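Coordinate analysis (summary)
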Amino acid sequence: MAWDEALVNKVGEEHHAAAVEGRIIDYTQALHEAVTLALEKYPEAFLLGQGVDDPSGMFGVTRGLAEKFGESRIFDVPLSEEGITGICVGAAIAGMRPINFHNRPDFLLLAMNQLIAHASKTHFLDNGQSTVPMVVWAAIGRGWGSGAQHSQAIQGLLLGVPGLKIVMPSTAADAKGLFLQAVADNNPVLIFEHRWLMKKKGPVPEGYYTTAFGKGVYRRRGKDLTIVGTSHALQLALQAADEVAKEGFQTDVIDLRTLKPLDEQIIFESVEKTGRLLVVDTGWMMGGACAEIACVVAEKSFHSLKAPVRRLGLPDVPAPAGYSLEQIYYPDAGRIAKVIREMCQRKNGGR
Amino acid sequence: MARYKYQGLGYQGMEKLDLPPDLLVSMFFSMLRIRMVEEAVEAKYPEDQMKTPIHLVIGQEAAAVGSAFALNKEDYSLISHRTHGNYLARGSDLNAMIAEFFCKVTGCAGGKGGSMHLFDKNAGVVFASSICAGSIPVATGMALSSMMKNEKRTTVAYFGDGAAEEGVLWESLNFAVLKKLPIIYFCENNFYSVQTPLYKRQPDGVHLFEKARGFGVPSETVDGNNVIKVYEAVRKASLRAKQGGGPSFIEAVLYRWRAHGGAGDDSKTGYRDVAEREHWQQVCPIELFYRYLLSRGLLDPEKRETMRAKIDKEIVGAFKFAENSPLPEERDLYRYVYAE
């Protein structure tokens, strides 16, 4: 399908234009480096998942690793998501650091029992005797006609599960640093990548480094409005912020990097300045990341707010497969810009 | 009328195996200890100091003990919800178990787990799950780890006949055969899942161990009331595992004397015939083994009484320990949600 590749290529070229220094590589190269470095640093780390050693190598992220590290450390698995997830839990308890790749988060729905009943709770349930250092990686598959069962962004479903960590990078440098932190972490960590970021280029430091969890970062500074989000939604928000900046609306854009742990302080700090909050997410708005972040601010930082919180994620509707409906379903930069204008104009007009 | 009957042959011909007398007596002691602990728990349960669901293993002691005694200290046991026996048989801490039932901070899970989450890492009881079949893939992963680290270690996944209806058992078996993992899938088939008999859940005539065989795993059924037969089956399977021969499946056929949960038998509610339970009580695993040891001159009534007195004392001490232990505090609630 040429049209979809063209789409992702276009995304890949869009944002690296901002003045950056250092080595520029793309997202999958950064992840490939991260996986390689993790496997070199931790002899107990191993990589498993459907297709991790096949020629396409998980968007290229795992390509060549089986040859480099051997089939005992990099291996394909049967289509048994619950079983494999439980196997990762057991291996982790026994001192290994399993890294389980899934092509798409949709397939994690088959592994919920092991993720929620075991991976996340074992350390608590045996009163700290065991740890479960495992990484589950999956790339959200929006587009390509993937539809209702192949493009789900399920981070919101998992946000309320104590014991899990949820990582959602938006830049190549973070993808690498957060991945290395995930492997170093002694807890079950879910990394939700986004397929539309896979060709995004950016400056990525060489060698081993980790990016801390629970520490958001300002991607843009402004006084009028705070935009908070992660992953591809954050990238769209940045595009929108660029657009409205030309019209004089200056926004704080905060990349949370991880939804769990959540950097509440950076949100409060920004909202205290701007008084306005827009939360963006790749998932459903109802009960998801948008809802939680909006609630946290309403609960703990209400005095800072000068206007109602807005959120922009997915409606309470499954993803359609058809490309025309997809365009209605998914918010784009234009729609985000429209919401920014509404929120800021209300401010200027004194609602 | 008993739908499910004892099909075993008792201890006929068992002396040919020539097991060390000390081992046999120790196994008897362990079975008796489990029975007496369970009876004590049951007797005290109505006092409501143990605010945790209990799943008594009375009637299933031979399988717990035979399998545990066939393992080495370094081997792993992963257990399920009806597991007081699996826990105790490996020599785990009785004080910590009773304290956990009392939800005390000195419990094996600090009062956070309850009766379905018994652990004693020092004794090899490394994981427990109250989700049916939940611990099976976890056990498989631990066996994978042993293989990757080149350790000579057997892992045993304990589960019941109900767990054999969960897909993840078969996912795990497939993977274990594929990777030749050093693991034993040990199914305690007691014919009932809560109050639902096996025939309502699995077709008659299709035996569990034969299904497993279809996955390419060496598989057998053993008399779960015969501790020596269970011991032999697990010993051989563990040896095969450690020699790189891969997984085994063992179905131990036995019977749950008590209700699914709580104290006493609930047969009178009608889901099974009281006569069936009485039939199995006639082939009590402890009594059968005692008679065998008596016939071989390895035990006598006096020795058994000495054992009882010793166990009684231990049980009294464990309950005292539990009663006197403090409850966890608020700060304990927030500990160990995440590891450092």
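Residues numbered from 1 in each chain as written. Chains lettered and ligands numbered in written order. Predicted model: local features only at pLDDT ≥ 70, side-chain atom pairs only at ≥ 80, totals over all residues. Heavy atoms only, no water.

Concerning the overall build of chain B
Each helix and strand counted, chain B has twelve helices and eight strands in total. Against the globule reference of 20 Å for 340 residues, chain B gives a C-alpha radius of gyration of 19 Å, in line with a compact fold. Its C-alpha atoms put chain B at 55 × 50 × 45 Å along the principal axes. With 340 residues in all, chain B has 59% of them scored as buried. Restricting to contacts in chain B with at least 6 residues of sequence separation, those with at least 24 account for 76%. Carbon and sulfur atoms form 51% of the exposed surface of chain B, whose accessible area is close to 13500 Å². Across chain B, the centroid of the 42 positively charged side chains sits 3 Å from that of the 42 negatively charged ones. (Helix = DSSP H or I, 4+ residues; strand = E, 2+ residues; numbered from the N terminus. Rg over C-alpha atoms; globule rule 2.2 N^0.38 Å. Buried < 20%, exposed > 50% of the residue type's maximum accessible area, 1.4 Å probe, protein only. Contact = heavy atoms within 4.5 Å. Areas by Shrake-Rupley, 256 points an atom, 1.4 Å probe, with all protein chains shown as cover. Lys, Arg positive; Asp, Glu negative; His and termini not counted. Charge placed at Lys NZ, Arg CZ, Asp CG, Glu CD.)

Quick word on the pairing of strand E14 (residues 310–314) of chain A
On a regular strand, each side chain points to the face opposite its neighbour's, so the side chains alternate between the two faces of the sheet. Residues and elements named next belong to chain A. In the sheet, strand E13 (residues 277–284) pairs with E14 via four bridges, with the strands oriented parallel. Its bridge partner being in E14, Trp284 is matched across the sheet by Leu314. Tracing the backbone out of E13, into helix H11 (residues 289–300) and back to the parallel element E14 gives a crossover that is right-handed. (Pairing = 2+ DSSP bridges. Right-handed = clockwise from strand over helix to strand, strands pointing away.)

Structural notes on the sheet that holds strand E3 (residues 155–160) of chain B
Whether parallel or antiparallel, the strands of a sheet pair through hydrogen bonds between backbone atoms. Residue and element names in this part refer to chain B. Pairing within the open sheet is parallel, and its six strands lie in the order E2-E1-E3-E4-E8-E7. Edge positions in the sheet fall to strand E2 (125–128) and strand E7 (219–223), since each has one partner strand and no second. Averaged over all pairs of adjacent strands, the angle between their axes in this sheet comes to 20 degrees, without regard to strand direction. Judged from the five bridges that link them, E7 and strand E8 (residues 248–253) form a sheet pairing that is parallel. By the bridge assignment, Ser219 is partnered in E8 with Phe249. Against the sheet, helix H2 (residues 61–69) makes contact with E3, strand E4 (183–189) and E8, and its axis sits at roughly 165 degrees relative to E4, the strand it touches most. (Axes fitted to C-alpha atoms, helices over the stretch in contact; angles between N-to-C directions.)

Regarding the nonpolar core
The biggest cluster of nonpolar side chains holds 84 residues, and the ones touching the most others in it are B:Ile98 and B:Phe289. A per-element tally of this core places helix H1 (residues 21–44) of chain B first, with eleven residues. In this structure B:Ile98 touches B:Val37, B:Val41, B:Ala318, B:Phe319 and B:Ala322, once residues within four positions along its chain are discounted. Formed by 78 residues, the second largest nonpolar core is a distinct cluster that contains A:Ala92, B:Leu173, B:Ala176 and B:Tyr185. (Core = buried A, V, L, I, M, F, W, Y, C linked by side-chain atoms within 4.5 Å.)

Section: the interface of chain B and chain A
You'll often see interface size given as the accessible area lost when the parts meet. Listed as interface residues are 37 residues of chain B and, on the opposing side, 42 residues of chain A. Across the chain B/chain A interface, buried area totals approximately 3100 Å², and carbon plus sulfur atoms make up 66% of it. Among the residues chain B hides against chain A, the three largest losses belong to B:Met148, B:Tyr336 and B:Tyr338. Together they make up 20% of the total. Here chain B and chain A share one salt bridge between them. One salt bridge in this structure joins A:Asp126 and B:Lys121, with 3.1 Å as the shortest N-O distance. Our count for the contact surface shared by chain B and chain A stands at 15 residue pairs in polar contact (both at pLDDT 80 or more). Elements supplying a minimum of two residues to the side of chain B that touches chain A: E2, helix H5 (135–148) and helix H6 (167–179) of chain B. Looking at the side of chain B that touches chain A element by element, the count peaks at nine residues for H5(B). (Buried area = accessible area lost by both parts, 1.4 Å probe. Salt bridge = Lys/Arg side-chain N within 4 Å of Asp/Glu carboxyl O. Polar contact = N/O pair within 3.5 Å; in protein donor to acceptor, adjacent residues only side chain to side chain.)

Brief notes about the side chain of A:Arg220
Residue and element names in this part refer to chain A. Considering the arrangement of structural elements, one finds Arg220 in strand E9 (residues 217–220). Among the polar contacts made by the side chain of Arg220, one reaches the side chain of Asp242 at a distance of 2.6 Å. Look past the residues within four positions of Arg220 in its chain and what remains in contact with it is Leu238, Ala241, Asp242, Ala245, Gln250, Thr251, Asp252 and Val253.

Topic: the pattern of salt bridges
Between side chains of opposite charge, a pair can form as their charged atoms come close. All names here are of chain B. Within this structure, the stated rule accounts for 35 salt bridges over all chains. Between Arg272 and Asp265 there is a salt bridge, and its shortest N-O distance comes to 2.8 Å. For Arg272, a relative accessible area of 3% puts it in the buried group. Its relative accessible area of 26% is what places Asp265 among the partly exposed residues.

Re the domain arrangement of chain A
Residue and element names in this part refer to chain A. Here the domain parsing of chain A yields domain 1 (5–203) and domain 2 (217–345). Its C-alpha centre places domain 1 at a distance of 25 Å from the equivalent point of domain 2. Across the boundary between the two partners, domain 1 contributes 33 residues, which contact 29 residues of domain 2. In total, domain 1 and domain 2 occlude about 2400 Å² of area from one another, counting both sides; carbon and sulfur atoms represent 56% of this. Across the contact surface, domain 1 and domain 2 share two salt bridges. (Domains from an automatic or database assignment.)

Digging into the sheet that holds strand E3 (residues 74–75) of chain A
Residues and elements named next belong to chain A. The strand order across the open sheet formed by seven strands is E3-E2-E4-E5-E7-E6-E12, and the pairing between neighbours is mixed. In the strand order of this sheet, the two ends are held by E3 and strand E12 (258–260), each with one partner. Summarising the sheet, strand E2 (residues 45–49) and strand E4 (residues 97–102) pair through five bridges and their orientation is parallel. Bridge pairing links Leu48 to Asn100 in E4.

A look at the environment of A:Gln345
Residue and element names in this part refer to chain A. Mapping Gln345 onto the fold places it in helix H13 (residues 333–349). What makes Gln345 partly exposed here is its relative accessible area of 44%. With 43 residues separating them in the primary sequence, Gln345 and Phe302 have C-alpha atoms 21 Å apart.

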